[in-house]
Amino acid sequence: MAQEPQAETARAPAVGELTPPDRTLMGPGPSDVNPRVLRAMSTPLVGHLDPSFIEIMNEVQDLLRYTFRTDNQWTIPVSGTGSAAMEAAIGNVVEPGDTMLVPTNGYFGGRMASMARRAGGTVVEVDAPWGDPLDSDDVADALAEHDPDVFGFVHAETSTGVLQPDVPELTAAAHDQDALVIADSVTSLGGVELRVDDWNIDVAYSGPQKCLSCPPGASPLTLSDEAMEKVLSRDEDPRSWYLDLSLLEGYWGDERAYHHTAPITNVYAIREALRLVAEEGIENRWNRHERLAGALKAGVEAMGLEMNASDEYWLPSLNAVRVPHGVDDGAVCDQLLEQYDLEIAGGLGDLAGEIFRIGCMGHSARPENVIYVVTALGDVLESMGADVDPGTGVTATRRALEK
């Protein structure tokens, strides 16, 4: 009797040990992670409802309140990247039929608009050119004209290198029209001055991978009592079950009831990253970013390059530098990776091909990294025929660091 043919054994993929390159991360994020945070991520897991993890949750919330400069009860790390925190903020606060006023002066104002539309809201805009902040008078006029339910702005626009000034004026104008204020603080939290309570911001969200130097996966979010009251009194459930804050309230509130399995390792990581913030002191951390980014700025300007944002609106955590005439920004970024294991990035949206985006954030904001990026950038640009003076740039950076 003929023997039945045997099924062919499936061949397992031959995948070797994980060996990513050892980069110096000076782009718009992620930033270099402090070794203490990496060690925390290797800590053994406990259950997401384990009493010890409940205590960790409490500690993370207290540390987030300190870093946001708020007393908001509703302050949590959202399970997901910064975009998840952004969608949790907008998707819960904006109800179908609401009107949201958003800025046009950068890539992430456009993302606010997209999320508000998906939440069922009507989007109206307050205009400003890419590379400029919002003007408080223009915001007041737009608020009076459109009478929105929600006003959103980007505190630190990653796509342009602009830091929004006069935040208390913006929030006051919005509250005069009974609008809640949502602030994108993805590139500002832990890096530049941000005072949620003193500036009367109703909702602020951020990402952990920038100025907090924490791997993405648990993203800061804070809501005032007034904002949370709107969330809990909605007539219609938010369109996302996973990011429904009325359900998450059961897990992160007093009840500590199951909603989803929290990313335990990421919560360990953000706890350690926030401990580093508290140890340094938040004001000291703001000052460190300004001092080190100031040295970077001095170096690129002395080399012969121009900043995209004026000094008045310069964002220390994300330095937007104009690409010299005749230079391909993508080729420069590729050469920095290949030759120096150094990451910076090109522009987005309206500024694609026109700027380099150089981060100076968190654990990456160290003197040796600032010297390194100025040296490497000058070398690559000079090799490509750009009209730059790398030596003068490095000297200016060193002098600025010595002050």
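As the structure is a computational prediction, the values presented were derived from the model and not from experiment.

## Side note on the overall build of the chain
Link 1 in the chain: Broken down by element type, the chain carries 13 helices and 14 strands.
Link 2 in the chain: The C-alpha radius of gyration of the chain comes to 23 Å, within 12% of the 22 Å expected for a compact globule of 403 residues.
Link 3 in the chain: For the chain, the C-alpha atoms occupy an extent of roughly 90 × 60 × 50 Å along the three principal directions.
Link 4 in the chain: Scored against the burial criterion, the 403 residues of the chain give a buried share of 57%.
Link 5 in the chain: Here the contacts in the chain between residues at least 6 apart in sequence split such that 72% fall between residues at least 24 apart.
Link 6 in the chain: As displayed, the chain has an accessible area near 17,500 Å², and 46% of this comes from carbon and sulfur atoms.
Link 7 in the chain: Here the chain holds 27 positive side-chain charges and 66 negative ones, and the gap between their average locations is 8 Å.

## What to know about the sheet that holds strand S11 (residues 318–322)
Link 1 in the chain: In spatial order, the strands read S11-S14-S13; together these 3 strands make up an open sheet with antiparallel pairing. This sheet does not close on itself; its edge strands, each paired only once, are S11 and strand S13 (345–346).
Link 2 in the chain: Examined bridge by bridge, S11 and strand S14 (residues 355–359) share 5 bridges and lie antiparallel to one another. Counted as the bridge partner of alanine 320 is arginine 357 from S14.
Link 3 in the chain: Sheet strands touched by helix H10 (residues 282–303): S11 and S14. Its angle to S11, the strand with the most contacts, is close to 5°.
Link 4 in the chain: Where helix H11 (residues 329–340) meets the sheet, its contacts fall on S13 and S14, and the angle it forms with S14 comes to roughly 35°.

## Overview of the pairing of strand S8 (residues 180–184)
Link 1 in the chain: For S8, a buried count of 5 out of 5 residues is recorded, marking the element as mostly surrounded by other parts of the structure.
Link 2 in the chain: Strand direction decides the pairing type here: strand S5 (residues 150–154) and S8, joined by 5 bridges, are parallel. Residue pairing in the sheet places glycine 152 in a bridge with isoleucine 182 of S8.
Link 3 in the chain: Sheet topology note: the S8/strand S9 (residues 203–205) ladder contains 3 bridges and is parallel. Across the sheet, residue aspartate 184 finds its bridge partner in S9, namely tyrosine 205.

## Some thoughts on the packing of aromatic side chains
Link 1 in the chain: This model, assessed by the stated rule, comprises 5 aromatic pairs.
Link 2 in the chain: Judged by centre distance (5.1 Å) and plane angle (75°), the ring pair of tyrosine 107 and phenylalanine 108 falls under edge-to-face.
Link 3 in the chain: Residue classification places phenylalanine 108 among the buried positions, given a relative accessible area of 16%.
Link 4 in the chain: Measuring from ring centre to ring centre gives 5.9 Å for phenylalanine 151 and phenylalanine 153, while their planes differ by 25°; the resulting arrangement is stacked.

## Notes on the pattern of salt bridges
Link 1 in the chain: Overall, the coordinates contain 17 salt bridges when judged by the stated rule.
Link 2 in the chain: The salt bridge involving glutamate 95 is made with lysine 230; its shortest N-O contact spans 3.0 Å. Remark: lysine 230 occurs in helix H7 (residues 225–232) and glutamate 95 occurs in the loop between helix H3 (82–93) and strand S3 (99–103); sequence separation between them is 135 residues.
Link 3 in the chain: Measuring nitrogen to oxygen at the nearest pair gives 3.0 Å for the salt bridge that ties glutamate 272 to arginine 275. Residue glutamate 272 and its partner arginine 275 are both found in helix H9 (residues 264–280); the two are separated by 3 residues, about one turn of the helix.
Link 4 in the chain: Its relative accessible area of 8% is what places glutamate 272 among the buried residues.
Link 5 in the chain: A single network of salt bridges, built from pairs that share partners, joins Arg36, Glu272, Arg275 and Glu279.

## Here we look at the pairing of S5
Link 1 in the chain: Counting buried residues in S5 gives 5 out of 5 residues, a clear majority hidden from the surface.
Link 2 in the chain: Taking every second residue as pointing to the same face, both faces of S5 are buried, with Val150, Gly152 and Val154 on one and Phe151 and Phe153 on the other.
Link 3 in the chain: Where S3 lies against S5, 2 bridges are found, and the strand directions are parallel. Within S5, the position partnered with methionine 100 by the bridge is valine 150.

## Looking at a nonpolar patch on the surface
Link 1 in the chain: A cluster of nonpolar residues, Trp241, Tyr242 and Leu247, forms a patch on the protein surface that exposes about 300 Å² of accessible area.
Link 2 in the chain: Relative to the assigned elements, tyrosine 242 resides in the loop between H7 and helix H8 (245–252).

## A few points about the packing of H7 against H8
Link 1 in the chain: Between H7 and H8, the least distance of the axes is 9 Å, while the angle of their chain directions is 115°. Mapping the contact onto sequence places Met228, Val231 and Leu232 in H7 and Leu245, Ser246 and Glu249 in H8.
Link 2 in the chain: The residue inventory of the contact of H7 with H8, partitioned by class, reads 4 nonpolar, 1 polar and 1 charged.

Rules used in this analysis
Residues numbered from 1 in each chain as written. Predicted model: local features only at pLDDT ≥ 70, side-chain atom pairs only at ≥ 80, totals over all residues. Heavy atoms only, no water. Helix = DSSP H or I, 4+ residues; strand = E, 2+ residues; numbered from the N terminus. Rg over C-alpha atoms; globule rule 2.2 N^0.38 Å. Buried < 20%, exposed > 50% of the residue type's maximum accessible area, 1.4 Å probe, protein only. Contact = heavy atoms within 4.5 Å. Areas by Shrake-Rupley, 256 points an atom, 1.4 Å probe, with all protein chains shown as cover. Lys, Arg positive; Asp, Glu negative; His and termini not counted. Charge placed at Lys NZ, Arg CZ, Asp CG, Glu CD. Pairing = 2+ DSSP bridges. Axes fitted to C-alpha atoms, helices over the stretch in contact; angles between N-to-C directions. Phe/Tyr/Trp six-rings, centres within 6.5 Å; stacked < 30°, edge-to-face > 60°. Salt bridge = Lys/Arg side-chain N within 4 Å of Asp/Glu carboxyl O. Patch = residues over 30% accessible without salt bridge, like charges linked within 9 Å, V, L, I, M, F, W, Y side chains within 5 Å. Nonpolar A, V, L, I, M, F, W, Y, C, P; charged D, E, K, R; others polar.

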